[in-house]
Amino acid sequence: MGETAGHHPPPPPQAAPPSLGLLRGPTWTPAEQLQQLQYCIHSNPPWPQALLLAFQHYIVMLGTTVLISSTLVPLMGGGHGDKGRVIQSLLFMSGLNTLLQTLFGTRLPTVMGPSAAFTLPVLSIINDYNDGSFTSEHDRFRHTIRTIQGSLIVSSFINIVLGYSGAWGNLARFFSPIVIVPFVCVVGLGLFMRGFPLLGNCVEIGLPMLVLLVICQQYLKRLHPKAHFIVERFALLFCIGVVWAFAAILTAAGAYNNVPEQTKLSCRTDRSYLLSSAPWIKVPYPFQWGTPIFRASHVFGMIGAALVTSAESTGTFIAASRFAGATAPPAHVLSRSIGLQGIGMLVEGIFGSVVGTTASVENVGLLGLTHIGSRRVVQISTAFMIFFSIFGKFGAFFASIPLPIFAAIYCVLLGIVAAVGITFIQFANNNSMRNIYILGLSLFLGISIPQYFASKTTEDGHGPVRTGGGWFNDIWNTIFSSPPTVAMIVGTVLDNTLDARDTVADRGLPWWKPFQHRKGDSRNDEFYSFPLRINEYIPTRFL
């Protein structure tokens, strides 16, 4: 008792002082779905609005279609008429593949458009036919496109096997929010050459388009509540019309009569020659250029491009799920979408496209710009793609929009996609030094390595990997020229090898894992199940 008489009980524990951040303002809890979407994946705007929004999606994807055709067809030896037919074929296949993906693939509101990842292998084919052994340039064009057909047909089976075997879904299970952030970010940032560098080819058209779009879409909508949704959803079409008319006035006034040829091609509204050369009606059909030519040396380059488009589409699908108000696409959904993309590439080879398709990044950005992630709107847009691919004169009219106008649009849309990638960090510990290291290295190398490959690639398509085997060069030059592919590889390797077991919660896996299994989240079936109860008749391994 004597020892305890002078003992004083310990003071009661004091509450920890509130965080300085809480004293300064509110904090936001992680949100799986964006709260400002006006229509999500399975809600639909009224039909008149849906038609205008669908036409807007068609216009946005048209820019990349014209850009790729205008780049490759002249190098292949094709004329203006050939370029028009190639654009028609690309539009037709984009419409068909988009409809298939929204029905039986990811079921997300994503447009499938032509992929620039095929540029290097196509340039390799073009170089092999530059020996002057053809009777005419048109003959060289047809021979080149028939070889591209054969290469697309064979390489398509890579995606089909990766998808329907489930291998691609198994790879996706190694992802975490720490991988997703740089992966999705560079899906948008990696296309920066389609932004201001392309806009700069005609600043007097491109810059007004960029400024007008920002002012109309973001500032004018705040002037009057009733005009808010109209300006927010349709400002893009209005701005295109105004600046396109301005470009036509400059062209008619002779502003570009005494400028370099490249400036004329970028600025004038009459330099595409598509309207004069396009047929009134032309239905793309199988083997329209002739029998495909199969050469093993060219197939391997296309295989590299097929792998790249699988990675690029995966990142784009994940971004689209965010803007559509859906959960992250499960592994089995990503697998079947890549398998279906392979089937689409097979059909493209049969119909004579110059490149394969991938999920269109700019159209996903349009979902974020308009706050409308409706699946039906994108499905309606396929009708415009197919209609204008058949009625060539009408399609050529819109295809004559100067490319700097599209470049200004892409500055906004690609930036939105890059920004939505950053939002995935909310599901992981962004104060972890391990996570900061992986995020920084993946993001930087995802941009830096492809930029190095681009700077070392010659005009004829020869990249920095130059060994005695041309097929080997094409594969590796294509893979490492793709920012999303590089970011995915670097992020996945680092995240799964650096203290992976001890940092499960920091990596955000408790949030991510349920979405990667078929029954992991009750909402998976709501967003990704097939229409019309088709699930009941398809083996589970193919769903």
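Residues numbered from 1 in each chain as written. Predicted model: local features only at pLDDT ≥ 70, side-chain atom pairs only at ≥ 80, totals over all residues. Heavy atoms only, no water.

With an unreviewed UniProt entry as reference, the chain is termed Nucleobase-ascorbate transporter 3, source organism Citrus sinensis.

Structural notes on the overall build of the chain
The line we're drawing: The numbering of helices and of strands both runs from the N terminus, where a helix is a DSSP run of H or I of at least 4 residues and a strand a run of E of at least 2. For every residue, the accessible area (1.4 Å probe, protein chains only) is compared with the maximum for its type, and the residue is labelled buried under 20%, exposed over 50%, or partly exposed between those bounds. Contacts: residue pairs with any heavy atoms within 4.5 Å of one another. For accessible areas, the Shrake-Rupley method is used with a probe of radius 1.4 Å. Any residue's cover is judged against the shown protein chains and nothing else. Two residue types count as positive, namely Lys and Arg, and two as negative, namely Asp and Glu; His and chain ends fall outside the count. Positions of charges follow a simple convention, taking NZ of Lys, CZ of Arg, CG of Asp or CD of Glu.
Scanning the chain from terminus to terminus reveals 24 helices and two strands. Considered along the principal axes of its C-alpha atoms, the chain spans approximately 115 × 60 × 50 Å. Put simply, the chain has 543 residues, and 55% of those count as buried. For the chain, the share of sequence-separated contacts (at least 6 apart) that also reach a separation of at least 24 residues comes to 85%. As displayed, the chain offers around 22800 Å² of accessible surface, 66% of which is attributable to carbon and sulfur atoms. Here the chain contributes 34 positively and 25 negatively charged side chains, and the mean placements of these two sets differ by 7 Å.

Notes on the packing of aromatic side chains
What describes a pair of aromatic rings is the distance from one ring centre to the other and the angle between the planes of the rings. Stated formally: Only centres within 6.5 Å qualify two rings of Phe, Tyr or Trp (six-membered ring in Trp) as a pair; their planes then separate them into stacked at under 30 degrees, edge-to-face at over 60, and tilted for everything else. Distance and angle both matter: a charge sits over a ring if NZ of Lys or CZ of Arg is within 6 Å of the ring centre and within 35 degrees of the ring normal.
By the definition in use, this model includes 31 aromatic pairs. Summarising the aromatic geometry, the rings of tryptophan 476 and phenylalanine 480 are spaced 5.8 Å apart at their centres and angled 20° between planes, so their arrangement reads as stacked. Judged by relative accessible area, which is 26%, phenylalanine 480 ranks as partly exposed. The ring of phenylalanine 424 carries the charged tip of arginine 322 above its face, separated from the ring centre by 5.7 Å.

Focus on the packing of helix 3 (residues 47-76) against helix 5 (residues 119-128)
Rules: Axes, fitted as lines to C-alpha atoms, cover a helix only where it is in contact. Angles between the N-to-C directions of the axes lie from 0 to 180 degrees. Convention used here: angles under 35 degrees read as roughly parallel, angles over 145 as roughly antiparallel, angles from 65 to 115 as roughly perpendicular, and any remaining angle as oblique. Helix crossings are classified by the rotation of the near helix relative to the far one: an anticlockwise turn of less than a right angle makes the crossing left-handed, while a clockwise turn makes it right-handed. We call Asp, Glu, Lys and Arg charged. Ala, Val, Leu, Ile, Met, Phe, Trp, Tyr, Cys and Pro are nonpolar, and the rest, Gly among them, are polar.
It is the contact of helix 3 with helix 5, at a shortest axis distance of 10 Å, that shows an interaxial angle of 15°. Here helix 5 runs roughly parallel to helix 3, going by the angle between their axes. The handedness of the crossing between helix 3 and helix 5 comes out as left-handed. In this structure, helix 3 contributes Leu72, Leu75 and Met76 to the contact, and helix 5 contributes Thr119, Val122, Leu123 and Ile126. The class makeup of the residues in the contact of helix 3 with helix 5 is six nonpolar, one polar and no charged.

A closer look at unusual backbone geometry
Of note in this structure, phenylalanine 287 is not a glycine but carries a positive phi near 55°. Relative to the helices and strands, phenylalanine 287 is located in the loop between helix 13 (274-277) and helix 14 (296-323). In this model, histidine 371 sits at a positive phi of 65°, which is unusual for a non-glycine residue. Within the secondary structure layout, histidine 371 lies in the loop between helix 16 (361-370) and helix 17 (375-390).

A word on the state of the cysteines
Our working definition: What counts as a disulfide here is a pair of cysteine sulfur atoms lying within 2.5 Å.
Counted under the stated rule, the structure contains one disulfide. Here cysteine 202 pairs with cysteine 267 through a disulfide, and the sulfurs are 2.0 Å apart. An S-S torsion of about 130° defines the bridge between cysteine 202 and cysteine 267 as right-handed. In this pair, cysteine 202 sits in the loop between helix 9 (196-199) and helix 10 (203-219) while cysteine 267 sits in helix 12 (residues 261-267), placing the two residues 65 residues apart along the sequence. Each member of the pair, cysteine 202 as well as cysteine 267, carries the same accessibility label: buried. Here cysteine 185 is not disulfide-linked; the sulfur of cysteine 411 is the nearest cysteine sulfur, at 17 Å. Judged by its relative accessible area of 4%, cysteine 185 is buried. Here cysteine 239 stays unpaired: no disulfide links it, and the sulfur of cysteine 216, its closest cysteine neighbor, is 4.0 Å away. Taking relative accessible area as the criterion, cysteine 239 reaches 0% and is therefore assigned buried.

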